[in-house]
Amino acid sequence: MDNNFSHAFTNRALLLQEQFICDWISDIEKLIEQKTSFGILNASISKQFKFDKALTDFKNAYPLHLEENGFNLICFTAGSNGRFKAIVRSYESWVNSFKIQQEIIQYPSNTKSLIVGDCSHSLHFFGLLESLYRNVEPIVLASFSTKKFFAACNKELPQLLYITPVHLGLLLRHFNAFDVAPVLSIRYLVVGGATINSSTLKKVQLMFPNATIHEFFGATETSYISIKTPNCPLGSVGKICPGVTVRIMDSEHKLVPVGNVGNIWVKSNQLFRRTVMGEDATLCDDNGFIHIGDMGYVDKNNHLYYVGRNNHQVTIAGKNILLTPIEKCIQNHLQTPEVAVISVTDALKENRLSILTSLTLTKEQQRALLLEVRKEFGALATPKTIVSVPLWPLLASGKTNRTFLQKLVSP
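Let me begin by describing the structure that accompanies this report. Please read all numbers here as calculations on a predicted model, not as lab measurements.

## Some points on the sheet that holds strand β3 (residues 61-65)
1) Next: Ordered by their spatial adjacency, six strands build an open sheet running β3-β1-β2-β4-β5-β15, and the pairing between neighbours is mixed. Among the strands making up the open sheet, the edge pair consists of β3 and β15 (274-277). Averaged over all pairs of adjacent strands, the angle between strand axes in this sheet comes to 30 degrees, irrespective of strand direction.
2) Next: Where strand β1 (residues 12-17) lies against β3, five bridges are found, and the strand directions are antiparallel. Opposite A13, over in β3, you have L64 as the bridge partner.
3) Next: Lying over the sheet, helix α3 (residues 91-105) contacts β4 (72-78) and β5 (84-90), oriented at roughly 85 degrees with respect to β5.

## Re helix α1 (residues 25-33)
1) Next: Considered for burial, the residues of α1 that qualify are I25, D27, I28, L31 and I32. Taken down its axis, α1 places every buried residue within 160 degrees of arc, on the same side.
2) Next: On the buried face of α1, the contacting elements are β1, β2 (38-41), α3 and α4 (122-133).

## Some thoughts on the nonpolar core
1) Next: Of all hydrophobic cores here, the largest spans 55 residues; its most connected members are F38, F125, L128, L129, V246 and L304.
2) Next: Of all hydrophobic cores here, the second largest spans 26 residues; its members include I139, L161, L189 and M207.

Rules used throughout
Residues numbered from 1 in each chain as written. Predicted model: local features only at pLDDT ≥ 70, side-chain atom pairs only at ≥ 80, totals over all residues. Heavy atoms only, no water. Pairing = 2+ DSSP bridges. Helix = DSSP H or I, 4+ residues; strand = E, 2+ residues; numbered from the N terminus. Axes fitted to C-alpha atoms, helices over the stretch in contact; angles between N-to-C directions. Contact = heavy atoms within 4.5 Å. Buried < 20%, exposed > 50% of the residue type's maximum accessible area, 1.4 Å probe, protein only. Arc of directions from axis to C-beta. Core = buried A, V, L, I, M, F, W, Y, C linked by side-chain atoms within 4.5 Å.

Okay, structure coming up:
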């Protein structure tokens, strides 16, 4: 990338290629200093969206024209279906998130970070920018492997770890299988992308005995909504963050009583501006609140509980069934995050559920699992089949690749 930053970037954002990020840290710092809007993309994103490289003076970078003025970040995110979208967020909104993180976790400003995952995805991009905001150059493991991770920890002695639950699951498997020594340098874990069950958390604590684990709940569009500390109730996704207002509304946009499940609407100084590429299903109201499809409830102590997404449910025999709680139940029973409940439509146009997991279960273990699900959710919500997928498919973000799993059980 050229070091000449005199080019005019009116309503333009540079999109940097992921594979050059480790060589570009100093250039990214200059982009921040010059208040030049930018984002990071990988090969998968490049294939999904078309970019005209010829319009920029910078090597290995693409321009993206924006309607927004000012210093913005282009954040790419993909759900477990792998379909990317790009959103615009002001740099100021991210700084607000950085400040919330430091206020809650309370770590020194010179804390060295390790980021596990592709920086084109919002969680890891956030970790990169948060580290640079503190004038700390992070360690980035864009190409993940368990051996690389433990080698980096032994060599670099990082203290703050940004990671997804699925990557943690892979590390745990390696840690136990090869009797790896615990990582003593890690003091703070920032985990996002999905929730972790309590039994897995205990195992993670053995791997990082000196660490305090913080799970955050939020999305690229909202950033932090809540952060779960060790003192929060087990079933919650944490206490609502300072400066964040959450309203739980019904389908008619009316407030529901405390403790009742509804749609999660959020207002804060961390919200995105708009989606510039891909599908945008975000709802906005006249009071500055947004809803991205999450459902849950809040208790009297301002702890938030997540029960699923309104697009992650199916209808069976006329009854709406949320799949996220079923997955959590199975993850707790099997003590692994590598679980998915997939719906398949049969020849009679009926939805049938299948459990997919990386574990190979005996018939007795399968019966015990299905009995556990039936006890908690009833016969209609109990999956009919269990499929073992030893090589668990992951997206570059570290999330489970549900599109791949869907193909395994589709007729």
